[in-house]
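Here's the letter readout for the chains.
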Amino acid sequence: MLSDPGKKLGYFPDSRIYEQVAENLLSGRGFSQSESAPFKPTMFKEPLYPFFITAVKCIFGNNINFVFLIQVLLNPLLAVLVYFIGKVIFTERIARFASFLVALIPVYAEISFFIMPEIIFMPLLMITILCLIKADKHPSYLWFILSGLLLGLSSLCRNAAFLLFLLYPVAILIRKVK
């Protein structure tokens, strides 16, 4: 990444697409990755992260550094969520150890400085999992509705989250068989 002087820090090939879609949204040209007219709508990228970039730029001005700042502020949420999930599934001691590891692993800090949806996706997915665990331990429509809404948002950020729609019922069936 740093060995290529033409590359901007925090950019992967997809990063430019996310930023271009956000620019087009800000300019009223729709959800398009086109850099010039005609601005054809795209379905190749999930919409949540470009809308996040758009919202940050709309509030703080057209400066990508504010996106990085918000992402840096969101990053500690990963360790906190790992702690809560660990505490519910395992023990307080394991939860603390796991969250400590997440806080120390450099890649988790580094993702805050990339224009990629993982910094939004990972907390959303972890909150979804936490809600599903709560729904399993304390069955309530509220937990299941919240889990569904959060899983939907996660899928709008990274479509890989959609697999949880399939895995969760399978996990319930396996547990019922035992």
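Everything that follows concerns the structure shown earlier in this document.
Residues numbered from 1 in each chain as written. Predicted model: local features only at pLDDT ≥ 70, side-chain atom pairs only at ≥ 80, totals over all residues. Heavy atoms only, no water.

(A) Local environment of a nonpolar patch on the surface. Among the surface-exposed residues, Phe97, Phe100, Leu101, Leu104, Ile105 and Val107 lie close enough to one another that they form a single nonpolar patch of about 560 Å² accessible area. The element best represented in the nonpolar patch is helix α5 (residues 92-104), accounting for four residues. (Patch = residues over 30% accessible without salt bridge, like charges linked within 9 Å, V, L, I, M, F, W, Y side chains within 5 Å. Areas by Shrake-Rupley, 256 points an atom, 1.4 Å probe, with all protein chains shown as cover. Salt bridge = Lys/Arg side-chain N within 4 Å of Asp/Glu carboxyl O. Helix = DSSP H or I, 4+ residues; strand = E, 2+ residues; numbered from the N terminus.)

(B) Geometry of the nonpolar core. With 36 residues, the main nonpolar core has Tyr49, Ile53, Val67 and Ile115 as its most contacted residues. Elements with a minimum of two residues in this core: α1 (13-26), α2 (48-60), α3 (64-74), α4 (76-89), α7 (118-137), α8 (141-157) and α9 (163-177). For this core, the element with the most residues is α7, which contributes 10 residues. (Core = buried A, V, L, I, M, F, W, Y, C linked by side-chain atoms within 4.5 Å. Buried < 20%, exposed > 50% of the residue type's maximum accessible area, 1.4 Å probe, protein only.)

(C) Looking closely at the packing of α3 against α4. Viewed as axis vectors pointing N to C, α3 and α4 meet at an angle of 25 degrees, and their least axial separation amounts to 5 Å. As judged from the angle between their axes, α3 and α4 are roughly parallel. Seen from α3, the contacting residues are Val72, Leu73 and Leu74; seen from α4, they are Pro76, Leu77 and Leu78. Considering only residue class, the contact of α3 with α4 consists of six nonpolar, no polar and no charged. (Axes fitted to C-alpha atoms, helices over the stretch in contact; angles between N-to-C directions. Parallel < 35°, antiparallel > 145°, perpendicular 65-115°, else oblique. Contact = heavy atoms within 4.5 Å. Nonpolar A, V, L, I, M, F, W, Y, C, P; charged D, E, K, R; others polar.)

(D) Broad picture of the pattern of salt bridges. Per the counting criterion, the structure on display carries seven salt bridges. When the shortest N-O distance is used, the salt bridge between Arg16 and Glu19 registers 4.0 Å. Within this pair, Arg16 and its partner Glu19 are both found in helix α1, separated by three residues, close to a single helical turn. Overall, the relative accessible area of 7% leaves Glu19 in the buried class. Lys57 is the salt-bridge partner of Glu23, the closest N and O atoms lying 2.5 Å from each other. Remark: Lys57 occurs in helix α2 and Glu23 occurs in helix α1; sequence separation between them is 34 residues. Like Glu23, the residue Lys57 is buried in the burial classification. Sharing partners across several salt bridges, the network here consists of Arg16, Glu19, Glu23 and Lys57.

(E) Quick peek at the state of the cysteines. One pass over the full model with this rule turns up zero disulfides. There is no disulfide at Cys157, and the cysteine sulfur nearest it, in Cys131, is 16 Å away. Residue class for Cys157 comes out buried when judged on its relative accessible area of 1%. (Disulfide = S-S within 2.5 Å.)

(F) Broad picture of α2. Counted at 1.5 Å a residue, the expected span for α2 with its 13 residues is 18 Å, and the 18 Å between its end C-alpha atoms agrees. Every buried residue of α2 is listed here: Tyr49, Pro50, Phe52, Ile53, Thr54, Val56 and Lys57. In the core, the buried residues of α2 are packed alongside α1, α3 and α7. Of the residues trailing α2, Gly61 is marked for its positive phi of about 100 degrees. (Expected span 1.5 Å × (residues − 1).)

(G) Spotlight on the side chain of Lys57. Residue Lys57 is classed as buried on the basis of its relative accessible area, which comes to 4%. With near-sequence residues (within four places) excluded, Lys57 lies in contact with Glu19, Glu23, Leu26, Asn62, Asn63 and Ile64.

(H) Highlighting the packing of aromatic side chains. Counted under the stated rule, the structure contains five aromatic pairs. Their ring planes at 25 degrees and their centres at 5.9 Å tell us that Phe31 and Phe51 sit as a pair that is stacked. In this pair, Phe31 is assigned in the loop between α1 and α2 and Phe51 in helix α2, connecting sequence segments 20 residues apart. A centroid spacing of 5.4 Å and a plane angle of 65 degrees characterise the contact between Tyr83 and Phe84, whose relative ring orientation is edge-to-face. On the basis of relative accessible area, Tyr83 is assigned to the buried category, the value being 17%. Judged by its relative accessible area of 39%, Phe84 is partly exposed. Taken together, the ring pairs in this structure connect Tyr18, Tyr49 and Phe52 into an aromatic cluster. (Phe/Tyr/Trp six-rings, centres within 6.5 Å; stacked < 30°, edge-to-face > 60°.)

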